[in-house]
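Working through the structure, step by step
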Amino acid sequence: MTENKEFKSMNRRDFLKVGGMSTVALSLGTTGLLSVGNATTSQAKGNPTSGFGGYGDLVPDPNGILDLPRGFHYKIISRQGELMTDGTPIPGAFDGMAAFEGPNNTTVLVRNHELSTGKAFGKNPYDANAQGGTSALVVGSNREVVKEYVTSSGTIRNCAGGATPWGTWLTCEETRSSTHGYVFEVDPQQPENDLSKTPIKEMGRFSHEACAIDPSTGYVYLTEDANPSYLYRFIPNDLSQKTGSLQKGGTLYAAAIEAVTDPSASTFKTGQTFKLVWKKVDPHLCREDAKAQNCIEFSRLEGAFFQEGVFWFDDTSAGDKKLGRVYRYVPHTNTLELFYEGNDAQYMEYPDNICCTPWGDLWFVEDGSGQDRIMGITPEGKVYPFAANSLNTSEFAGPIFSPDGKTLFVNIQSPGITFAIWGPFPRRNSARAREMSYSAPANLAPKIAEKTAKVAEAQGMSVLEAAAFERHGIKLN
């Protein structure tokens with residue numbers, strides 16, 4: 001591969017190009033095309049041709065790698081052990097990803113590597129004895145790799161993270177020690193700079209999983225992969241939403257539920273009500289502070305995504321059958337809701353990374369004991385499969401759509417493989433995405449006691465909100 005001089009010399013305005021979504025590249029590629037099905041979309045009985053509600057049965061891949069609905073195709077664009085542009089072997093343990101629009105019809109992927117201790121693979125590591133970090137792939141419109149390179153190194157267990165509205169990637173360490181357990185900001189335009197190896201300590205020292213930023217406020221929401229898990233919110237001192245602004249510090253909070261006995265302090269109609277409150281915690285001892293202040297204890301939090309005014313996150317092993325839950329938090333109304341609770345492994349088994357599709361569905365990947373899948377949930381309440389790993393039992397990770405919405409990028413973690421998937425995806429639909437943020441499909445609503453439902457209705461609470469409180473030991477009466 002040859003080095004792209006235009007990429008090296010571009011400025012930030014060219015790099016982000018926030019207004020030109022329609023010209024983003026589909027994917028990149030170094031290996032041969034592997035397709036499933038044909039160019040004609042064939043829906044299963046009862047599924048709309050628009051793709052809303054699913055695409056029908058998955059077609060077994062003759063190559064034994066990735067099963068997809070008929071009409072969709074995939075390409076392996078990066079493999080563990082192959083060489084980057086500079087000849088460095090591609091590290092393994094592919095995990096969380098973000099996709100940004102690059103110059104000249106390219107997409108820039110930033111990818112985590114969930115590796116632990118050992119010699120760092122980068123040239124400017126945070127810790128020379130830590131193997132984790134991030135890499136980037138610049139993808140041309142012809143699905144060829146323009147450039148693949150290291151963006152940060154010397155960290156431990158870079159599991160998930162979150163994209164910032166200003167075009168950088170927050171990579172999170174899923175560990176906790178005296179020197180690790182932090183969030184780092186990675187700028188793919190300035191790979192391996194000092195920013196990439198400077199921990200944002202005030203965002204907490206804990207076993208981070210994922211994070212997402214509310215673009216209307218600049219607040220950062222963070223999940224914790226531990227047992228128990230706490231949900232955190234970081235309010236930066238600098239709300240300018242620029243590269244490096246999070247390094248200027250801020251205040252970390254953990255979520256709790258508190259009773260409101262004064263009706264004047266409540267947004268509900270009558271009686272005793274409850275609300276989500278955020279309790280300040282010491283970023284170095286955040287778990288201890290959260291426990292001492294009776295903050296909400298989740299089973300094991302995983303994926304996070306922010307879209308259309310709503311923060312989505314999942315609890316991978318929660319629920320009566322331990323199959324997982326999906327929560328929805330609306331900052332504007334300070335409302336926590338239990339959107340979906342798995343009670344049948346056919347529809348959910350250990351949800352991990354999540355993302356929202358350009359047309360409004362919520363997608364999650366699985367990390368279960370058997371075959372793992374990419375699953376979708378619609379605003380109308382349908383749960384459907386989109387892909388299945390037929391290669392091995394490794395988890396899917398890092399699902400993210402290209403900025404133009406035409407390509408899904410996703411990883412198999414081990415051995416590390418990154419895919420580009422394309423086909424008859426629906427067009428971008430902002431109205432439907434907003435509907436997903438506020439819908440309450442009756443068939444997905446977790447079951448609650450009849451008495452609880454009546455009290456919730458009298459207080460003006462949704463069933464989803466009441467279910468969230470009930471699952472965490474709050475009795476509405």
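Every chain begins its residue count from 1, and numbering advances along the sequence as written. It should be noted that, the model being predicted, local features are given only for residues of pLDDT at least 70 and side-chain atom pairs only at 80 or more, the latter also being counted only at that level, while totals for whole chains, interfaces and linings use all residues. Side-chain numbers here rest on the full set of heavy atoms in the structure, without hydrogens or water.

This next bit is on the overall build of the protein chain. Under the scheme used here, helices are H or I runs from DSSP no shorter than 4 residues and strands are E runs no shorter than 2 residues, and both carry numbers assigned from the N terminus. From N to C terminus, the protein chain includes six helices and 27 strands. Type-normalised accessible area, obtained with a 1.4 Å probe on protein chains alone, sets the label of each residue: buried when under 20%, exposed when over 50%, and partly exposed for intermediate values. Counting the 477 residues in the protein chain, one finds 60% classified as buried. Sequence separation of at least 24 residues holds for 57% of the intrachain contacts in the protein chain that already meet a minimum separation of 6. What sets the accessible areas is the Shrake-Rupley method with a 1.4 Å probe; for residues, cover comes only from the shown protein chains. Element-wise, carbon and sulfur atoms account for 48% of the exposed surface of the protein chain, whose accessible area totals about 18,100 Å². Contacts were defined at the residue level, with two residues in contact if any of their heavy atoms lie within 4.5 Å.

Right, let's get into the side chain of R373. Following the sequence through the fold, R373 ends up in strand β23 (residues 373–377). Looking at R373, its side chain comes within polar contact range of the main-chain oxygen of A345, at 2.9 Å. Polar contact is the term for a pair of N or O atoms within 3.5 Å; when the atoms are in protein, one must be able to donate a hydrogen and the other to accept it, and sequence-neighboring residues count only if both atoms are side-chain atoms. Here Q346 takes part through its backbone oxygen, which lies 2.7 Å from a polar atom of the side chain of R373. Ignoring any residue separated from it by four or fewer positions in sequence, one finds R373 in contact with A345, Q346, Y347, M348, E349, F364, V365, E366, A387, A388 and F396.

Attention now goes to the sheet that holds strand β17 (residues 301–307). Spatially, four strands are ordered β17-β18-β19-β20 in an open sheet, and the strand pairing comes out antiparallel. If you trace the sheet from one side to the other, it starts and ends with β17 and β20 (335–341), each paired once. If you compare each strand with its neighbour and ignore which way they point, the axes differ by 20° on average. The angle between two axes is taken between their N-to-C directions and runs from 0 to 180 degrees, where each axis is a line fitted to C-alpha atoms and a helix contributes only its stretch in contact. This element, helix α6 (residues 463–471), spans β19 (325–330) and β20 of the sheet and lies at about 85° to β20. Paired strands are those between which DSSP finds at least two bridges.

Attention shifts here to the pairing of strand β8 (residues 145–155). With respect to burial, β8 is a largely interior element, eleven of its eleven residues being buried. Here strand β7 (residues 132–139) pairs with β8 via eight bridges, running antiparallel. Pairing of T134 across the sheet is with S152, part of β8. In textbook terms, the turn of a hairpin is the stretch between consecutive antiparallel strands, and for β7 and β8 this stretch comprises five residues, one of which, R143, has a positive phi near 65°.

The next thing to look at is the sheet that holds β8. Two strands in a sheet stick together by hydrogen bonds in their backbones, pointing the same way (parallel) or opposite ways (antiparallel). Pairing in this open sheet of four strands is antiparallel, and the strands run β5-β6-β7-β8 from one edge to the other. Where the open sheet ends on each side, the last strands, each with one partner, are β5 (94–101) and β8. Across the sheet, the mean angle from the axis of one strand to that of its neighbour is 20°, orientation sign disregarded. The pairing of strand β6 (residues 107–113) with β7 spans seven bridges and is classified as antiparallel. Residue pairing in the sheet places H113 in a bridge with G133 of β7.

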